[in-house]
Amino acid sequence: MKDWIEWFKQAPRNTQVLTSFLLVAGFAVLLISVTSIGIIMKAQFSTSNTIAESKVHHSETNEETKPTVTSFPFELNQVSMAVMSKKGTKTAYAQFTLSLDCPSEESQKLMALNRAKLLDSVFLVGSNFYLDDFTAEAAPKSLEKFKHELLEKYQEHFQAEAPRGIVLKEWFIN
């Protein structure tokens, strides 16, 4: 710092003016930035409090009219399951996201810990289906059967902590 001050004192007048201007401009930008961040954070805080108060008020007024069902979703993304034709001449892959509706937060955590068991059940249940089951005409019925059998398998493995429902998202076969 002392070296810089000595340099500043010995620098030509034009350099001193330019350096002083740049320092003042830098401090001004810094002050404006800090002030802007403070204003934005204060606005976010007050907005989130207003939203939270609104939700509390909304839930208090609707509590008597509508029972609250809490959902704890768990998703297995990018699941890929092999499906063969009945003749065994063609293999395709069903790709999808498996979304589970867990009854509690503990169940949700249990599903996360047992990802391998969830996938193993998908493959086990999926082995009961053929590529022909997922043609345009048969697909809706087969998908419902697949979800039902998968839910039964999960109930067998996890009993009270088993998912309440299953949704297959982004299903396609290639």
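Residues numbered from 1 in each chain as written. Predicted model: local features only at pLDDT ≥ 70, side-chain atom pairs only at ≥ 80, totals over all residues. Heavy atoms only, no water.

Caption draft 1: Inspection of the nonpolar core at higher detail. Grouped together as the largest cluster of nonpolar side chains are 27 residues, with contacts concentrated most on Phe96, Leu98, Leu100, Val122, Phe146 and Tyr154. Looking at this core, the elements with two or more residues in it are strand E1 (72-84), strand E2 (91-102), helix H4 (115-126), helix H5 (139-158) and strand E3 (165-173). Those residues in contact with Leu98 that sit more than four places away from it in its chain are Phe74, Glu75, Leu76, Val122, Leu150, Tyr154, Ile166, Val167 and Leu168. (Core = buried A, V, L, I, M, F, W, Y, C linked by side-chain atoms within 4.5 Å. Buried < 20%, exposed > 50% of the residue type's maximum accessible area, 1.4 Å probe, protein only. Helix = DSSP H or I, 4+ residues; strand = E, 2+ residues; numbered from the N terminus. Contact = heavy atoms within 4.5 Å.)

Caption draft 2: Representation of the side chain of Thr97 within the structure. Residue position: Thr97 is located in strand E2. According to the relative accessible area criterion, Thr97 is buried, its value standing at 5%. Polar side-chain contacts of Thr97 include one of 3.3 Å to the side chain of Glu170. Once you skip the residues sitting within four places of it in the chain, Thr97 turns out to touch Glu75, Leu76, Asn77, Gln78, Val167, Leu168, Lys169 and Glu170. (Polar contact = N/O pair within 3.5 Å; in protein donor to acceptor, adjacent residues only side chain to side chain.)

Caption draft 3: Quick look at the pattern of salt bridges. The tally for this structure, following the rule as stated, stands at six salt bridges. One salt bridge connects Lys147 with Glu144, and the closest N-O pair in it is separated by 3.1 Å. Placement of both Lys147 and Glu144 in helix H5 is noted, with a separation of three residues, approximately one turn of the helix. For Glu144, a relative accessible area of 47% corresponds to the partly exposed category. (Salt bridge = Lys/Arg side-chain N within 4 Å of Asp/Glu carboxyl O.)

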